[in-house]
Amino acid sequence: MSFDLSPYKRITIKIGSALLVDRQKGMRRVWLEALCEDVARLTSRGHEVLIVSSGAIALGRTVLKLPQGPLKLEESQAAAAVGQIALSRTYSEMLSRHGVETGQILLTLNDTEHRRSYLNARATISTLLGFGAVPVINENDTVATSEIRYGDNDRLAARVATMLDADLLILLSDVDGLYTAPPAQDPDAEHIPIVERITPAIEAMAGSAGSELSRGGMKTKVDAAKIATSSGTDMIITLGSRLYPLSAIEAGERLTHFTASGNPVTARKRWIAGHLNTSGALTVDAGAIRALSAGKSLLPAGVRKVKGEFRRGDTVSIMDETGREIACGLVAYDAEEARRIAGLRSDAIEGALGYEGRRAMIHRDDMVVGPSAETSTDNGEDKRTSEAAS
């Protein structure tokens, strides 16, 4: 069944290293030429296209003739420095043949986790799109360390897609979608053509990374889908190794379509939902979860446990009592204060802190609740539901 791309005005395309780079021969130029022709066709039809491209390290290590296996941090950064030049030059050269200009954007985790940097990056990329250029975006591997990196370009692509209000995110992969089990290991695995809601069962189907050129895997793709769909962006996983992979989508090749949440999301909430790193976690009871699902704020009364060291305004996870994340948000208290008021009614906050604090631990305007909240509630009544969240 064909998939019509025409309704999607702004499209983000993620390209993995294994698609771009042959470990022995270097750049897969024939494949990239076909992809760039696809991209030019979309732009000629009025679509705005962003490319999130891996490949700098993989290409650089080939150019530098580095041995197979894990690289030291400084070796990875050196490979990225060499590979990024070749990668951006090739994109520019191939797209310019079709009259399409490109712009290179290198991001670190801080550029999307910190609000001001996020807005600056958004403005730059939006301006490039306004000029009709195709931004080619990658993680800045030359300076990123393990503490300040995305870790995989699936989640980076989802973060970029939500940051730029993209209508669709396409992950070009080494598999043609999500299966009930890893197809390489289970010949009876069934392909799933559409996912309307990411449940724990869907998450359990994810596999792991498959090669030294990839830091991703199906798990990171499902993680990316959670970020994208919760912010109003549809997502596709499809096989990217075929020539003209975007044309193949419209021709009816197999894929998995993750549909976006029907709930409108503000720009601020898109930023919150896309956070890849959280500073701590609040475990809450079933009564609080029911109220959060109804669109209310989290009050201290519903908090059972406080984990981590965080400051007011940091992003924290909200977990059910089984350890499943059901929401995230910007916390209104430092961790030490949160521990002192956890489980208390609002009228007891002043006595515990010595000053009149905020009524909500996390206000509903600073919170994004995921679909897991619906499966985390029980059937029992909690007398404190109305106090736990409001």
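Residues numbered from 1 in each chain as written. Predicted model: local features only at pLDDT ≥ 70, side-chain atom pairs only at ≥ 80, totals over all residues. Heavy atoms only, no water.

1. Considerations on the sheet that holds strand E14 (residues 303-308)
Quick reminder of the rule: Strands are labelled as partners when DSSP assigns at least two bridges between them. Secondary structure is summarised from DSSP: a helix means a run of H or I of at least four residues, a strand means a run of E of at least two, and numbering begins at the N terminus for each. For every element, the axis is a line fit to its C-alpha atoms; helices are fit only across the contacting stretch, and the angle between N-to-C directions ranges from 0 to 180 degrees. By definition, residues are in contact when any of their heavy atoms lie within 4.5 Å.
One open sheet accounts for five strands, arranged E14-E13-E15-E16-E17; its pairing is mixed. Since the sheet does not close on itself, it has two edges, and those belong to E14 and strand E17 (367-369), each with one partner. Taken pair by pair, the neighbouring strands of this sheet meet at an average axis angle of 20°, ignoring direction. Relative to strand E16 (residues 325-330), strand E15 (residues 315-319) runs antiparallel, the two sharing five bridges. Across the sheet, the residue bridging to Ile318 is Ala327, located in E16. Against the sheet, helix H12 (residues 286-293) makes contact with strand E13 (280-284), E15, E16 and E17, and its axis sits at roughly 105° relative to E13, the strand it touches most.

2. Remarks on the pattern of salt bridges
Heads up, the rule is: The salt bridge criterion pairs a side-chain nitrogen of Lys or Arg with a carboxyl oxygen of Asp or Glu, the two atoms within 4 Å. Relative accessibility decides the category of a residue: with a 1.4 Å probe and only protein chains considered, values under 20% of the type maximum give buried, values over 50% give exposed, and everything between is partly exposed.
Applying the stated criterion across every chain, the model contains 18 salt bridges. Of the charged contacts in the structure, one is a salt bridge between Glu93 and Arg97, with a shortest N-O distance of 2.8 Å. Here Glu93 falls in the partly exposed class, since its relative accessible area comes to 31%. Its salt-bridge partner being Asp334, residue Arg311 comes within 3.6 Å of it at the nearest N-O pair. Residue Arg311 is found in the loop between E14 and E15, and its partner Asp334 is found in the loop between E16 and helix H13 (335-341); the two are separated by 23 residues along the sequence. By relative accessible area, Asp334 is classed as partly exposed at 24%.

3. Re unusual backbone geometry
Working note: non-glycine residues mostly have negative phi, and peptide bonds are mostly trans. Positive phi, close to 60°, is recorded for Lys65, a residue that is not glycine. Along the chain, the position of Lys65 falls in the loop between helix H3 (56-63) and helix H4 (73-96). Overall, Lys65 belongs to the exposed group, its relative accessible area being 73%. Even without being a glycine, Asp165 presents a positive backbone phi close to 55°.

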